[in-house]
Amino acid sequence: MDTLWLDLKFGSRMMRKNPGFTAVAILTLALGIGVNTAMFSVVRAVLLQALPFKNPEKIVMLWMRFTGIGIPKDRNWVSAPEFTDLRQYSTSFSGIAAISGVSLNISGGDRPEHVSGAAVSASFFPVLGVQPSLGRAFRAEEETPGRDNVAIVSHGLWQRLFGSEVNLSGITLNVNGRSFQIVGVMPQGFSFPEKVEMWTPLAFSPADLSADSRGSHGLLAIARIRDGISMETAQADMQLVSQRIIAGAPNYPYQRFGFRVIMNPLLEEMVGDIRPALLILMGAVAFVLLIACSNVANLLLAKAATREREIAIRTALGAGRRRLVRQLLAESVLLSLCGALVGLLLAVWSLRVLAHQAVSVLPGIGQARLNLPVLGFTLAVAVITGILFGLWPALHASSGFTHEALKEGGRTGTLGRGRQRLRGALVVAEVALSLVLLAGAGLLIRSFLRLLRVDPGFRPENVLTLNVSLPDTRYSDPVKIRNFYRELTRRVNGLPGVESAGAIGALPLSGQGSSGTTTIDTDAVSADRRTPEADFRPVTPGLFRALGIDLVRGRYFDERDSETASPVAIIDESMAKAFWPDQDPIGKRLHRGGLRSKAPWMTVVGMVRHVQYQSLESSTRVQVYWPEAQNPWPDLSLAIRAAKDPRGLVSAVEQQALAIDPEEPVYAVRTMDELVAASMAQRRLAMLLLSLFAALALVLAAVGIYGVITYTVEQQTRELGIRMALGAGRFVLLRMVLGHSLVLILGGVGLGLVGSLLFTRLMRGLLFNISASDPATFALVAVTLLGVGLVAGYVPAYRATLVDPIEALRQE
């Protein structure tokens, strides 16, 4: 231990003695270790940290899979009858819970407030293994209509509404026109589903449980696997449950729909989409650290040349090779630890930026911080890094200095071949790793640019959007719903600066909306294809113009499509192409529901362009729009096209809504451009981060090339002077030095292209409309890296041509 302390003290003196070398090495290591610390903190918070539930590995999410009706994602939520079946038939679960998202308007204060809510079964909190920190959870009898006027609130909402009040007795809230008694407050930080602030009992009505509701898949289902039951056993149990559900509902076409129950771990559901991107980024920062290590190893090799006499004297005095290696490794680890300390400052700043930019993309990013596990990771990385970049130079520096090394440093003025090859190999590795990251970044950039060129089917510029949710307690009458939206759109259309306004059931790219079986009156397809799953969109007149959804054929909805008029519909191009190919769809008929449905036939009066409602990259179902007046819908989103920046309309629109109903708030106010940007946020984040890491790798590689060529030129000063004295021109010397640089770069490019083919295959899930081995991208990054490398090598090469032959010879 005393020897180690002496080694560290000597190493610190060497660092102080060479401040320039120390500063460059510490900064290089700080970049590599800092980005690794930041990314590990994010990965740990998002992927590795357990969910804040009891035994979260036992919690699964249940889905209804339908492979026979063309659902793009191949699975649906659960209907109320199916949830009842799951409770009755399954044997592997200790509890099953259903969740339905609800919009809640709290009134009674100065202004109404909208909060995100969830109606949940009484088993919800036991399944999660979480109990209120104040009060109680729901009781089974509160799942009954009429007894469900109780609520549990989040810690944040409780503090916002009641401050430090701790007595729940008699506290009520006016929610959606009903009085709810607050019976519980959840622990701080609990929010499931995400952003939910209030939970109410899920009470099924007889209509919800009827056979006609089996196709109403509007419930999210979670379950807890019993102790002693494996995931595989539970999966097998779901096969049996599927068969029993099919047998128990012979009048519902489960068999034809290709139905079965599937389950997936809850953590996988919450982070599965982001996991590949984060793992790719974690690998990218590891590459950056390796490049930083290569740079510092090159610096140490260069530094070793100036310490040859010191090492030779130590050897002559009896120091063995092991002792010398230990001393040099102590110095490199100390250097790495200093780099880690500076890197922590970079990590803190990086986490702040990430938390601000990625809060809507990375669930749990707010929990990313430099806690003890992360600091332990940083310490381990620092020690391993110090050994990694210090071991090879230490072995070379301690080998044969009393004889061979002194000969290499003699009057020949040439660099030792062994050490020269090692430094060259390190540069080749840097170039190869940089090319791998550049190839990945290039593919993501090109993928993102292609995504931007996707036609969304509407024009988002200068469009303001907001949501309105009318509670059924005060708007149970369809006439009141119809009149509210009719008056609201009339008032908003009359505001200065508004070109058009309308309402729709769910906005494009929101990932929301409803769907259901639709029966098509057509002879163009076989009978088994005439009942597809279609997206349903209630709209008001003016909506298509407000969103810029172009009319292809027929007409838009207008005032003539009232509640007393014959039912009509507008379809999109994909529906027309699928069910009336080579025909004019205007005048054709369809209705909601299956073949036995008694829903009225709707006549097609218009055809519009296909709109991306899920995302720009995923296909969506065929789309059917109907006039909201003919089938009123309580929850609609307003779209307002303005002559200029629509943000100036927010206050005026809110005032118009409150003028109609003082208890009705508007919420989720944002522009359509912001909604489009949000739909691509995950791809944009992955692209920006990988591009940043690739740029950092490119800079470090360029610095490495510059350092190696500079050192080579310094070692060959006498040789270059002799060549010039013998008549060699500057171009010949420039070509000679650059040739050495070019060999290293080409070697790295070749090795990097092979590595890129393997690395980019792992990125297939992150790419859109581009091959993981796109030759144009690979060629572009190879040429870019070659150009940067040649520029980095040109500067020291040009300096070599300025050597005065007389001065060069005098140095010896």
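Focus on the overall build of the protein chain
A count of helical and extended segments in the protein chain gives 24 helices and 21 strands. Taking the contacts inside the protein chain whose residues are at least 6 apart along the sequence as the reference set, 81% of them involve residues at least 24 apart. For the protein chain, the exposed area adds up to about 36,500 Å²; of that, 57% sits on carbon and sulfur atoms.

Focus on the nonpolar core
Counting 105 residues, the largest nonpolar core has Val-42, Ile-274, Leu-278, Leu-362, Phe-544, Tyr-625 and Phe-693 as its most contacted members. Considering each element in turn, this core owes the most residues, 16 residues, to helix H20 (residues 681-715). Residues in contact with Phe-544, not counting those within four places in the same chain, are Val-539, Ile-549, Tyr-556, Phe-557, Ile-570, Val-608 and Tyr-625. Val-60, Ala-98, Leu-202 and Met-263 belong to the second largest nonpolar core, which has 30 residues in total.

As for the environment of Pro-600
Within the element layout of this structure, Pro-600 appears in the loop between strand S17 (589-592) and strand S18 (602-608). Pro-600 sits in the exposed class, given a relative accessible area of 52%. C-alpha of Pro-600 to C-alpha of Val-568: the two residues are 32 residues apart in sequence and 9.8 Å apart in space. The contact partners of Pro-600, leaving out residues within four places of it in the chain, are Pro-567, Leu-590 and His-591.

Quick word on the packing of helix H15 (residues 478-493) against helix H18 (residues 650-660)
When two helices pack together, their arrangement is given by the angle between the helix axes and the distance between those axes. One way to put it is that H15 packs onto H18 with a least axis distance of 10 Å and a crossing angle of 145°. Crossing of H15 over H18 shows right-handed handedness. Listed contacts from H18 to Phe-484, Glu-487, Leu-488, Arg-491 and Val-492 of H15 are Val-653, Gln-656, Ala-657, Ala-659 and Ile-660. Here the residues of the contact of H15 with H18 are counted per class, giving seven nonpolar, one polar and two charged.

Side note on the side chain of His-217
Structurally, His-217 can be placed in the loop between strand S8 (198-201) and strand S9 (220-225). A distance of 3.3 Å separates polar atoms of two side chains, one belonging to His-217 and the other to Glu-82. A distance of 3.4 Å separates a polar side-chain atom of His-217 from the backbone oxygen of Arg-214. If near-sequence neighbours (up to four positions away) are discounted, His-217 is found in contact with Met-64, Phe-66, Asn-76, Trp-77, Val-78, Ser-79, Glu-82 and Tyr-252.

Looking at the packing of aromatic side chains
Aromatic rings considered in pairs are described by the distance between their centres and by the relative angle of their planes. Applying the stated criterion across every chain yields a total of 22 aromatic pairs. With 5.1 Å between their ring centres and 75° between their planes, Phe-544 and Tyr-625 make a pair best called edge-to-face. Of this pair, Phe-544 sits in helix H16 (residues 543-547) while Tyr-625 sits in strand S19 (residues 622-627), and the two are 81 residues apart along the sequence. Members of the aromatic cluster, joined through ring pairs, are Phe-53, Phe-124, Phe-125, Phe-138, Phe-190, Phe-192 and Trp-199.

Remarks on helix H19 (residues 672-679)
Residues spaced three or four apart along an α-helix point in a common direction, a consequence of the helix completing one turn every 3.6 residues. Looking only at H19, the buried set comprises Met-672, Leu-675 and Val-676. Around the axis of H19, the buried residues are gathered within 100° of arc, so they sit on the same side. For H19, the secondary structure elements touched by its buried residues are strand S11 (463-469), H16 and strand S21 (667-671).

Focus: helix H6 (residues 231-248)
Between its first and last C-alpha, H6 extends 25 Å over 18 residues, near the 26 Å set by a 1.5 Å rise per residue. Within H6, the full set of buried residues consists of Ala-234, Asp-237, Met-238, Val-241, Ser-242 and Ile-245. Buried positions in H6, seen along its axis, are confined to an arc of 155° and lie on one side of it. The exposed residues of H6 that point more than 90 degrees off its buried face are Glu-232, Leu-240, Gln-243 and Ala-247. Turning to H6, the residues buried within the fold contact strand S1 (59-66), helix H3 (80-89), strand S2 (93-107), S9, helix H7 (254-257) and strand S10 (259-265).

Details of the pairing of strand S13 (residues 514-521)
Where S13 lies against strand S14 (residues 533-539), four bridges are found, and the strand directions are antiparallel. Across the sheet, the residue bridging to Ser-515 is Asp-535, located in S14. As paired elements, S13 and S17 share four bridges and run antiparallel to each other. Bridge pairing links Ile-520 to Leu-590 in S17.

Cut-offs applied
Counting of residues starts from 1 at the beginning of each chain's written sequence and follows it residue by residue. It should be noted that, the model being predicted, local features are given only for residues of pLDDT at least 70 and side-chain atom pairs only at 80 or more, the latter also being counted only at that level, while totals for whole chains, interfaces and linings use all residues. Excluding hydrogens and water, the side-chain figures rest on all heavy atoms present in the structure. Helix and strand labels come from DSSP, where a helix needs a run of H or I of at least four residues and a strand needs a run of E of at least two; each type is numbered from the N terminus. Contact criterion: two residues are considered in contact whenever any of their non-hydrogen atoms come within 4.5 Å of each other. The accessible surface values rely on the Shrake-Rupley method and a 1.4 Å probe; as for residues, cover is taken only from the protein chains in view. Residues belong to a common nonpolar core when they are buried Ala, Val, Leu, Ile, Met, Phe, Trp, Tyr or Cys residues joined through side-chain atoms within 4.5 Å. For the exposure calls, accessible area comes from a 1.4 Å probe over protein chains only, and a residue counts as buried if that area is under 20% of its type's maximum, exposed if over 50%, partly exposed in between. Helix axes are fitted to C-alpha atoms over the stretch in contact, other axes to C-alpha atoms as well, and angles between N-to-C directions run from 0 to 180 degrees. Rotating anticlockwise by less than a right angle from the far helix to the near helix defines a left-handed crossing, while the corresponding clockwise rotation defines a right-handed one. All amino acids are sorted into three groups, where Ala, Val, Leu, Ile, Met, Phe, Trp, Tyr, Cys and Pro are nonpolar, Asp, Glu, Lys and Arg are charged, and the leftover types, Gly among them, are polar. Pairs of N or O atoms within 3.5 Å make up the polar contacts considered here, provided that, within protein, one atom can donate a hydrogen while the other can accept it, and that residues adjacent in sequence are counted only when both atoms are side-chain atoms. Pairing of aromatic side chains here covers Phe, Tyr and the six-membered ring of Trp, requires ring centres within 6.5 Å, and sorts the geometry by plane angle: under 30 degrees stacked, over 60 edge-to-face, intermediate tilted. As used here, the arc is the angular range of directions from the helix axis to the C-beta atoms. Helix span is expected to be 1.5 Å times the residue number reduced by one. Any two strands with at least two DSSP bridges between them are considered paired.

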